[in-house]
Amino acid sequence: MTWGFFSVAHILSLLFGVAMIAALYFLLRGKSDRVKVAVLTVLSFSGIAAIVFNLLAWNSPLEYLPLHLCSLNALVLPVAVLTRNKTLNNLLLLWSFGALFALLINLAVAEAEICSWVFAFYYFPHVLEFGIPILMFTLKLVKKDVKCITSTLAITAASYTVIHFINLWINAYTVKHNVVDWQSNIVRVNYMYSLKPENPLLEAFYRLLPYPYWYMYFALILAVGYLAVVYFSDIVRLVRGIRTKADQ
């Protein structure tokens, strides 16, 4: 059975992913912080396992470098869990949304068989990359800090910009040195989709602003809106605190 795109199997897999995260919460909520961190740290390495799998399985390492948002999430996640660093964990509240989006818009692997390694190394790491950052807060291992919104947006924008230039460099290199894939086509990369859209939502952004790199700043605007929802109660308390000080 193939996974499909919003097929019965796809929808059931999304529900199962939610159930996995909920089960982890109920399993760990009564445990000590040391046990919580130990379990989540082990699980957090699933994303790195997926990176290694993709680098080895497809025999085209330039196309599978860990430079998409989910891969960056995978690299940072073990450090964030193990250290319980406030800045990194607040950052992953945004980056984890990329993992959810990858599960929802799964077009790249929709034809994968559910019992295949391709499915396993895509589905389970993305579920955990989405769920573990949320569990870090719901299990009270780290606290949300509205002041981290600035660092979250700055790190995300800087990462995107650096990766855009990496895309340009790799594509120039592959043309110059005639680096081809298994179909004998020149290797072209598009990490973080800075050069062109590859799903319906990004295509809508590109129609509004048809310029490589710049069109993805619509995603940054969405990120601001998403963070406003995530930190809404914290923002309200901060505004009230400022008003109270101003009235004194």
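Provided above is the structure to which this section pertains.
We now turn to the structure provided with this report. Keep in mind that this is a model prediction, so the values were computed, not measured.

Each value, and the rule that gives it
- Residues numbered from 1 in each chain as written.
- Predicted model: local features only at pLDDT ≥ 70, side-chain atom pairs only at ≥ 80, totals over all residues.
- Heavy atoms only, no water.
- Helix = DSSP H or I, 4+ residues; strand = E, 2+ residues; numbered from the N terminus.
- Rg over C-alpha atoms; globule rule 2.2 N^0.38 Å.
- Buried < 20%, exposed > 50% of the residue type's maximum accessible area, 1.4 Å probe, protein only.
- Contact = heavy atoms within 4.5 Å.
- Areas by Shrake-Rupley, 256 points an atom, 1.4 Å probe, with all protein chains shown as cover.
- Lys, Arg positive; Asp, Glu negative; His and termini not counted.
- Charge placed at Lys NZ, Arg CZ, Asp CG, Glu CD.
- Salt bridge = Lys/Arg side-chain N within 4 Å of Asp/Glu carboxyl O.
- Axes fitted to C-alpha atoms, helices over the stretch in contact; angles between N-to-C directions.
- Parallel < 35°, antiparallel > 145°, perpendicular 65-115°, else oblique.
- Nonpolar A, V, L, I, M, F, W, Y, C, P; charged D, E, K, R; others polar.

1. Structural notes on the overall build of the protein chain
Line of reasoning, step 1. What the protein chain contains, in helices and strands, is 10 helices and zero strands.
Line of reasoning, step 2. Counting from the amino terminus, the protein chain carries its helices and strands in the arrangement α-α-α-α-α-α-α-α-α-α.
Line of reasoning, step 3. At 20 Å, the protein chain has a C-alpha radius of gyration in line with the 18 Å of a compact globule built from 248 residues.
Line of reasoning, step 4. Referenced to the eigenvectors of the C-alpha coordinate spread, the extents of the protein chain come out at roughly 70 × 40 × 35 Å.
Line of reasoning, step 5. A buried classification covers 40% of the 248 residues belonging to the protein chain.
Line of reasoning, step 6. For the protein chain, restricting intrachain contacts to residue pairs at least 6 apart in sequence, the fraction spanning at least 24 positions comes to 71%.
Line of reasoning, step 7. Accessible area for the protein chain stands at about 13,900 Å²; split by element, carbon and sulfur atoms hold 69% of it.
Line of reasoning, step 8. Within the protein chain, the 11 negative side-chain charges are centred at a point lying 15 Å from the centre of the 18 positive side-chain charges.

2. Considerations on the pattern of salt bridges
Line of reasoning, step 1. Here the structure, examined in full by the defined rule, presents five salt bridges.
Line of reasoning, step 2. Of the charged contacts in the structure, one is a salt bridge between aspartate 33 and lysine 36, with a shortest N-O distance of 3.8 Å. Within this pair, aspartate 33 and its partner lysine 36 are both found in helix H2 (residues 33–44), separated by three residues, close to a single helical turn.

3. What about the packing of H2 against helix H4 (residues 69–83)?
The angle between the axes and the distance between the axes are what describe a pair of packed helices.
Line of reasoning, step 1. For the pair H2 and H4, the least separation of the axes is 9 Å and the interaxial angle reads 170 degrees. As summarised for this structure, H2 and H4 are arranged roughly antiparallel, according to the angle between their axes. Of H4, the residues touching H2 (which contributes Val37, Leu40, Thr41 and Ser44) are Ala74, Leu77, Pro78, Val81 and Leu82.
Line of reasoning, step 2. Residues belonging to the contact of H2 with H4 are distributed by class as follows: seven nonpolar, two polar and no charged.

Functional significance is not addressed by these values, which are geometric in nature.
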